[in-house]
Amino acid sequence: MGGATFVSSQEPTDVIVKVTSSGICGSDLHLYELLGPFLGKGDILGHEPLGVVEELGPDVRELEVGDRVVVPFNVSCGTCFMCEQGLHSQCETTQVREHGSGAALFGYTKLYGEVPGGQAEYLRVPFGNTLPVKVPEGPPDDRFVYLSDVLPTAWQAVEYAAIPEGGSVAVFGLGPIGQMSCRIAKRRGARVIGVDLVSERLALAGKYDVELIDAEETEDVPEAIRELTGGRGTDSVIEAVGMEAHGDQIGKAAHGAAALLPDSVAQKVFEKAGIDRLRALYDAIATVRRGGTLSISGVYGGALDPLPMMDLFDKQIQIRMGQANVRRWTDDILPLLTEDGDPLGTEDFATHKLPLEQAPEAYEMFQKKENGAIKVLLQP
Ligand SMILES: NC(=O)c1ccc[n+]([C@@H]2O[C@H](COP(=O)([O-])OP(=O)(O)OC[C@H]3O[C@@H](n4cnc5c(N)ncnc54)[C@H](O)[C@@H]3O)[C@@H](O)[C@H]2O)c1
Ligand SMILES: [Zn+2]
Ligand SMILES: [Zn+2]
């Protein structure tokens, strides 16, 4: 089934959710900044919604009107070959085959099925018996809203990092994904070293006893981490930067400018921009110890990005990556969210909460990382 047919049909297992909180994500910025050409007029963004079930299709048995639910960002059926193996981001019922993409995503343009997203008042959610995650009444939205994306993504990043018992992990990028990866890895007893260039993000990780490297002030980040780890590097590395890597500013300017240049020059600009955009990934590869594991949660989109194959091979590095399989992890995470003391620090995680009407201002602030914006929630 292709994305388009999937979206237009109204199934008897649909539920309609009245959204109460909806996150803005680093991935939304890729659409906002880089993938604009794939956005159609009237596309609704947003893939981090929490809300209340307002209406049920006739075949929905697992939910009732009034239930509080989180909606995973992958549109996954829960019953196909992929979903049954916990690979919900590859769901074969919703794969967007005409673009060669994996499972459809809420709020993610034509590339991922053009499914209307959750930065809205109401959201149609298919697969009402298997997709929405029912969460308890009582605690504030902040406790649960990150189950839609941030927490399962960070959880998968840590799982895929395969940190040995008592071992160490370096986390590149201390945005929401990196922050939560640090907290989860710490909770599992790992030694955690966090890397970023933004001082308030470093400071936030510092509150969770993460050792810090300021990439702005450090000439050679992998070398600095080797110095902290007996010359070896960390057992594991989590890459939570993606296409927003430092140097990307040059990349973006180049994308605009390159269109005006003769082809051969434009190609050089793209190549150079490509390399800058991979800064964090290269540092991650250089940081992981021989035989260690690199877990990539940052999103990459290039088809021709050069990789240091010799280092990867010689150092015998294992790499795991991909879109989070949200529904695979939600039941594992939920108990931590209802625990006393809020061990993952969800309740003060949002730096900003704005009404839905102020979404344009919220995007602008978030893009420019103004006012210490780390995580923004829209509340209709
Ligand atoms: N795999 C998934 O399913 C999934 C889900 C959600 C988000 N993501 C992706 O994960 C990445 C992180 O998401 P986020 O919301 O935390 O984004 P974010 O943009 O808030 O965080 C990225 C951080 O990386 C830092 N950074 C930039 N260059 C760096 C460098 N060279 N070294 C170290 N740090 C550097 C930035 O200062 C920023 O704090 C994005 O690419 C996002 O699209 C993936
Ligand atoms: Zn997201
Ligand atoms: Zn499926």
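Undergrad: Please explain the overall build of the protein as it appears in this structure.
TA: A tally of helices and strands in the protein yields 14 helices and 13 strands. When burial is assessed residue by residue, the protein has 46% of its 380 residues classed as buried.

Undergrad: Could you clarify how one ought to interpret the confidence of the model for the protein in this entry?
TA: Detailed reading of the predicted coordinates is not advisable wherever pLDDT is low. Confidence in the prediction for the protein averages 89 pLDDT; 88% of positions are at 70 or higher. Within the model, pLDDT remains below 50 along residues 1–9, and this stretch shows 15 contacts once partners closer than five positions in the same chain are excluded. Counting interchain partners and residues more than four positions distant, the pLDDT-below-50 stretch residues 268–272 has six contacts.

Undergrad: What should I look at first to understand unusual backbone geometry in this one?
TA: The phi dihedral of Glu-114 falls on the positive side, at around 50°, and the residue is not glycine. Relative to the assigned elements, Glu-114 resides in the loop between helix 3 (81–84) and strand 4 (122–125). With phi around 50°, Asn-371 is a residue other than glycine that occupies positive phi space.

Undergrad: Any chance you could explain the sheet that holds strand 7 (residues 191–196) here in plain terms?
TA: Remark on secondary structure: sheet strands pair via backbone hydrogen bonds, oriented parallel or antiparallel. On the basis of which strands lie adjacent, the open sheet formed by six strands has the order 8-7-6-9-10-11 and parallel pairing. The open sheet has two edge strands, strand 8 (211–214) and strand 11 (318–321), and neither has a second partner. Strand-to-strand, the axes of this sheet are offset by a mean angle of 20°, without reference to chain direction. Note: strand 7 against strand 8, four bridges, orientation parallel. Bridge assignment links Ile-193 to a residue of strand 8, and that residue is Glu-211. Each of strand 6 (168–172), strand 9 (234–239) and strand 10 (288–296) touches helix 11 (residues 279–287); the most contacted strand, strand 9, lies at about 165° to it.

Undergrad: What is the right way to read the packing of helix 5 (residues 150–161) against helix 6 (residues 176–187) from this model?
TA: When two helices pack together, you describe them by how their axes are tilted relative to each other and by the distance separating the axes. Following both chains from N to C, one finds helix 5 and helix 6 inclined at 55°, their axes separated by 8 Å at the closest point. In this view, helix 5 runs oblique relative to helix 6, as classed from their interaxial angle. Crossing of helix 5 against helix 6: the hand is right-handed. Of the residues in helix 6, those in contact with Val-150, Leu-151, Thr-153, Ala-154, Trp-155, Ala-157 and Val-158 of helix 5 are Pro-176, Ile-177, Met-180, Ser-181, Ile-184 and Ala-185. Split into classes, the residues belonging to the contact of helix 5 with helix 6 amount to eleven nonpolar, two polar and no charged.

Undergrad: Could you clarify how one ought to interpret the packing of helix 5 against helix 13 (residues 326–338) in this entry?
TA: Their axes nearest at 9 Å, the elements helix 5 and helix 13 cross at an angle of 95°. With respect to their mutual orientation, helix 5 and helix 13 come out roughly perpendicular. Taking contact as the criterion, the partners of Leu-151, Pro-152, Trp-155 and Gln-156 in helix 5 are, on helix 13, Val-326, Trp-329, Thr-330, Asp-332 and Ile-333.

Undergrad: What am I meant to see in helix 6 here?
TA: Every α-helix winds through 3.6 residues per turn, so residues three or four apart in the chain are directed the same way. The terminal C-alpha atoms of helix 6, which comprises twelve residues, lie 17 Å apart, in line with the 16 Å expected from a rise of 1.5 Å per residue. The buried fraction of helix 6 amounts to ten of the twelve residues, a majority that puts the element mostly inside the structure. Among all positions of helix 6, only Pro-176, Ile-177, Gly-178, Gln-179, Met-180, Ser-181, Cys-182, Arg-183, Ile-184 and Ala-185 are buried. Among the structural elements, helix 5, strand 6, strand 7, helix 7 (199–206) and strand 9 are those in contact with the buried residues of helix 6. Just past helix 6, the residue Gly-189 takes up positive phi, approximately 90°.

Undergrad: How do you make sense of the environment of Met-82 when you look at a structure like this?
TA: Within the element layout of this structure, Met-82 appears in helix 3. Judged by local crowding, Met-82 falls into the buried class, with 21 C-beta atoms found within 10 Å. For the pair Met-82 and Glu-92, spaced ten residues apart in sequence, the C-alpha separation works out to 6.4 Å. Residues contacting Met-82, with those up to four places away along its chain left out, are Leu-87, Gln-90, Cys-91 and Glu-92.

Undergrad: Would you mind going over the nonpolar core with me for this structure?
TA: Grouped together as the largest cluster of nonpolar side chains are 92 residues, with contacts concentrated most on Val-70, Leu-105, Ala-154, Val-169, Val-171 and Phe-172. Examining the composition of this core, we find that eight residues originate from one element, helix 5, more than from any other. Those residues within four positions of Val-171 in sequence are excluded, and the remaining contacts are Gly-178, Ser-181, Cys-182, Val-192, Gly-194, Val-195, Ile-238 and Ala-240.

Undergrad: Quick question: what am I supposed to make of helix 5 here?
TA: Over its twelve residues, helix 5 runs 16 Å from end to end, which matches the ideal 16 Å to within 8%, given 1.5 Å per residue. Taken as a whole, helix 5 has its buried residues at Val-150, Leu-151, Pro-152, Thr-153, Ala-154, Trp-155, Gln-156, Ala-157, Val-158, Tyr-160 and Ala-161. Elements in contact with the buried residues of helix 5: strand 6, helix 6, strand 9, strand 10, strand 11 and helix 13.

Undergrad: Would you take a moment to explain the pairing of strand 10 for this structure?
TA: The side chains of a regular strand alternate between both faces of the sheet. Extensive coverage of strand 10 is indicated by the burial of seven of its nine residues. Across four bridges, the pairing between strand 10 and strand 11 is parallel. Note on strand 11: the bridge partner recorded for Thr-293 is Gln-318. Remark: the strand 10/helix 12 (residues 309–314)/strand 11 crossover connection has right-handed handedness.

The rules behind these values
- Residues numbered from 1 in each chain as written.
- Chains lettered and ligands numbered in written order.
- Predicted model: local features only at pLDDT ≥ 70, side-chain atom pairs only at ≥ 80, totals over all residues.
- Helix = DSSP H or I, 4+ residues; strand = E, 2+ residues; numbered from the N terminus.
- Buried ≥ 20, exposed ≤ 12 C-beta atoms within 10 Å, placed from the backbone.
- pLDDT = per-residue confidence, 0-100.
- Contact = placed C-beta atoms within 7 Å.
- Pairing = 2+ DSSP bridges.
- Axes fitted to C-alpha atoms, helices over the stretch in contact; angles between N-to-C directions.
- Parallel < 35°, antiparallel > 145°, perpendicular 65-115°, else oblique.
- Left-handed = near helix turned anticlockwise from the far one by under 90°.
- Nonpolar A, V, L, I, M, F, W, Y, C, P; charged D, E, K, R; others polar.
- Expected span 1.5 Å × (residues − 1).
- Core = buried A, V, L, I, M, F, W, Y, C linked by C-beta atoms within 7 Å.
- Right-handed = clockwise from strand over helix to strand, strands pointing away.

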